[in-house]
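# Fold and contact review
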Amino acid sequence: MIEGMVTFSEQLTQRLIDALGPIGHGNIQEEFIPVVTAATDTRFGDYQTNVAMTLAKTLRTNPRELASQIIENFDVSGLCDTPEIAGPGFINFRITNDILASRIYSLTGDERLGVALENSTKRLLIDFSSPNVAKPMHIGHIRSTIIGDCIARTARFLGHEVIADNHIGDWGTPMGQVLYGWKNHLNENDFTANPISELLRLYQLVKQQSESDPEIAEQCLKETVKLQSGDPENLALWKQFIEITLSGAQEIYKRLDIHFDTTLGESFYDQHLAPLVERLLAEGIAQESDGAICIFSSNDLDPKEDPLLVQRDGEWRPIPCMIRKKDGGFNYATTDIATIDYRVNDQKADEILYVVDDRQSLHFRQLFEVARRRGINTCLRHIAFGKILGDDRKPFKTREGTVPALGNVLDEAVDRARKIVDEKSSELPEDERADIAEKIGVGAVKYAELSQARSSDYIFSWEKMLALQGNTAPYMINAYVRTRSIFRKLEGNLEYPADSLSISEAAERSIAIKLCQYGEILPQILCDHRPNLLASYLYELAQGFHSFYEQCPVLNAEEPARSTRIALCDTTSRVLRHGLNLLGISPPERM
Ligand code: ARG
């Protein structure tokens, strides 16, 4: 980023701190940082703060009076007009047009688009996607894959070191079930035709059988134990299952443009499980219970906060974390505890994010509690998300009632996008239309995901996600394509002398301010891991651009409006492309 390009909100915050200095005679704590946010109603300003209202309470004074005192001390030079007071004591700021114009000029030459690298960067391990062996990736995996990738891209751009880890489920009971199924029920023809769906069939069949038939469950367990003790036949089969699963997943990752730094499955940690359990026993963290080994509550947390307790019939009862079963097998949790050790000690992660659906909330709360008890202070966070629902508000299913495979969903999205492209742009060559349809189709599925608040369930709707209007990928891509069309007409003639930019129209102003806020939005995405903040920002920018474009002629305008508008179009184009790329979407140049 160009040096000295501190965001407007940071500049306003600093000047507010300076203005507060003489107020309150030392009653304001030194570490107090006033909050400045983008204005909720841009008719009254570009930014606002409620600092006067917050401080009036502490200082026992009238908030509007305090606001006017703050304004008196506030240095506006080279930044904004005299701030205004609104309502009960809000202070509104409007950046001057000159400062806006010169900031836009700086952005035209800034590769980082005004986004600073974070001051303190960390090594961030993101555990996402993580499908299971012998199961194709289904629509449920889409949320983890797409959200995890967006967080990884954003974190990298902000300067963090990211380790993207695909923690595939390749160990434990399900492996024994597939092995048993393979040895007893394999249909060779089906396997040759579609290996992964035959593996899934075997797994589902045997899982069901072993639930009702203890004899079969016993056989499956034997297969698991054989595998885990290194039986060559089972080991070879198991490797084949992994290969088949990963090559299916890889095709999808390629289409989605998703890359992992490591793909360490659960099996990778197997050697560590037995000694880990012994250690936890020796340390008194785990104990024997009914032949199994469990971790119980240490009773030093408020029961409401304690994931190892549950309230039943008005009483707090233990809900332990099991780490070794009666039969000697290890649990999902055991592997996850061992995985934390490896990530902290060997991979040297400063923070670990688990992008996993919210049905596993209790598992992660228990896991983090066990880590706390073991004195691990690495920041661990569960980035949870809800379900994808169909129109009927039930979990999204195919017409046949099965969980849709991700590959089929992408195919259908692209087919539908192709129809739109054929209709709108029949003049484009065949291969270009295919490329555009792939980008719009895949982009629509991703955007539908990332524009939602991740913690809620959302309804999967083809019509909505492919609509040309609204907060959708086609709308965003359309805005981008519009910016590009201007530059095709200009034929690469892009040069603006610094002093020729001049912002005057309201429509120019409103996209100019938005463009300057890109550097304010991106760090926020990592605070609460909410990609939908970026999607909303881009949507507002695209809306602003559409109305700017309708109101303000660009190429036929007189100077200095012409250069200014070209600069605004160029910067909008770059921010849209960059932001969409962080969402994992690559927009076509035409559509
Ligand atoms: N394979 C698991 C599943 O599909 C998700 C794994 C998530 N990561 C973890 N470290 N537990 O449910």
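Relevant structure appears above.
Overview of the structure. These figures come from a predicted structure and were not determined experimentally.

Rules used throughout
Residues numbered from 1 in each chain as written. Predicted model: local features only at pLDDT ≥ 70, side-chain atom pairs only at ≥ 80, totals over all residues. Heavy atoms only, no water. Helix = DSSP H or I, 4+ residues; strand = E, 2+ residues; numbered from the N terminus. Buried < 20%, exposed > 50% of the residue type's maximum accessible area, 1.4 Å probe, protein only. Polar contact = N/O pair within 3.5 Å; in protein donor to acceptor, adjacent residues only side chain to side chain. Axes fitted to C-alpha atoms, helices over the stretch in contact; angles between N-to-C directions. Parallel < 35°, antiparallel > 145°, perpendicular 65-115°, else oblique. Left-handed = near helix turned anticlockwise from the far one by under 90°. Contact = heavy atoms within 4.5 Å. Nonpolar A, V, L, I, M, F, W, Y, C, P; charged D, E, K, R; others polar. Phe/Tyr/Trp six-rings, centres within 6.5 Å; stacked < 30°, edge-to-face > 60°. Lys NZ or Arg CZ within 6 Å of the ring centre and 35° of its normal. Salt bridge = Lys/Arg side-chain N within 4 Å of Asp/Glu carboxyl O.

With that settled, consider the side chain of Asn331. Assignment of secondary structure puts Asn331 in the loop between β11 (321–324) and α12 (332–346). We classify Asn331 as buried; its relative accessible area is 18%. A polar contact of 3.4 Å, which involves the side chain of Asn331, links it to the backbone nitrogen of Arg324.

Here the focus is the packing of helix α4 (residues 97–108) against helix α21 (residues 561–582). The geometry of α4 relative to α21 is characterised by a closest axis approach of 10 Å and an angle of 55 degrees between their N-to-C directions. Here α4 is positioned oblique relative to α21, judged by the angle of their axes. Handedness of the α4/α21 crossing: left-handed. Mapping the contact onto sequence places Ile104, Leu107 and Thr108 in α4 and Ala567, Leu568, Thr571 and Arg574 in α21. Considering only residue class, the contact of α4 with α21 consists of four nonpolar, two polar and one charged.

One pair of aromatic rings is described through two measures. These are the centre distance and the angle between the planes. Summed over the entire model, instances satisfying the criterion amount to 18 aromatic pairs. Within the aromatic cluster, the residues linked to one another by ring pairs are Phe128, Tyr253 and Phe260. Between the NZ or CZ atom of Arg103 and the centre of the ring of Phe8, over which it lies, the distance is 4.7 Å. Here Arg112 stacks its cationic end above the ring of Phe157, 4.0 Å away from the centre of that ring.

By the definition in use, this model includes 39 salt bridges. Between Arg201 and Glu198 there is a salt bridge, and its shortest N-O distance comes to 2.9 Å. Placement of both Arg201 and Glu198 in helix α8 (residues 195–212) is noted, with a separation of three residues, approximately one turn of the helix. For Glu432, the salt bridge identified is with Arg590, shortest N-O distance 2.7 Å. Highlighted residues: Glu432 in helix α15 (residues 430–450) and Arg590 in the segment after α21, separated in sequence by 158 residues. Taken together, the shared-partner salt bridges connect Asp300, Glu369, Arg372 and Arg373 into one network.

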